[in-house]
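The chain contents come next:
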Amino acid sequence: MLMADFGEYVACQQKVSELYRDYGKWTRMAILNVARMGKFSSDRTILEYNRDIWHAAPVPVEIGEWRADEVNGGETARPGASVKSE
């Protein structure tokens, strides 16, 4: 069984493929898409979910001082280096 709108899906994908081949037009559309998008913040979204849906009370969290020599057995991370796992 195929989707009811499979034909429209294929037609849309063909349009996308044609647009993608036109570098200038594709770039312009991509830039405009980003410029027109709304403000998004995961922190704001979580706060709104909590306010509107979850209604959970805040939980205080104490965060100690971060020290690089206490991370990964005292080894500092380098770009491309793997992190030891216990």
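As the structure is a computational prediction, the values presented were derived from the model and not from experiment.

A.B. asks: How should I be thinking about the confidence of the model for the chain in this particular structure?
C.D. replies: As a general rule, the predicted coordinates of low-pLDDT regions are not to be interpreted in detail. This prediction gives the chain a mean pLDDT of 82; 76% of its residues lie at or above 70. Predicted confidence in the chain is weakest over helix α3 (residues 42-54), with a mean pLDDT of 92, and strongest over helix α1 (residues 6-21), with 94.

A.B. asks: Even after reading the chapter, I still don't get helix α2 (residues 23-36), so can you show me in this structure?
C.D. replies: Helical geometry note: an α-helix holds 3.6 residues per turn, so side chains three or four residues apart project in the same direction. Its 14 residues give α2 an end-to-end C-alpha distance of 20 Å, which sits within 8% of 20 Å, the value for a rise of 1.5 Å per residue. Within α2, only zero of the 14 residues are buried, which leaves the element largely exposed.

A.B. asks: Just to check I follow, could you spell out unusual backbone geometry for this structure?
C.D. replies: Most peptide bonds take the trans configuration, and most residues that are not glycine carry a negative phi. A positive phi is found at His-55, a non-glycine position, where the angle reads about 55°. You can see His-55 is positioned in the segment after α3.

Criteria and thresholds
- The residue count restarts for each chain, going from 1 along the sequence in the order it is written.
- Since the coordinates come from a predicted model, pLDDT governs what is reported: local features require at least 70, and pairs of side-chain atoms require 80 or more to be given and counted, while whole-chain, interface and lining totals use all residues.
- Processing note: side-chain calculations cover all non-hydrogen atoms of the structure and skip hydrogens and water entirely.
- For every residue, the predictor reports its confidence as pLDDT, a number between 0 and 100.
- Runs of E in the DSSP output that reach at least two residues are strands. Runs of H or I that reach at least four are helices, and both are numbered from the N terminus.
- Expected helix span is taken as 1.5 Å per residue step, with the number of steps being one fewer than the number of residues.
- Accessible area is worked out with a 1.4 Å probe on protein chains only. A residue is then buried under 20% of its type maximum, exposed over 50%, and partly exposed in between.

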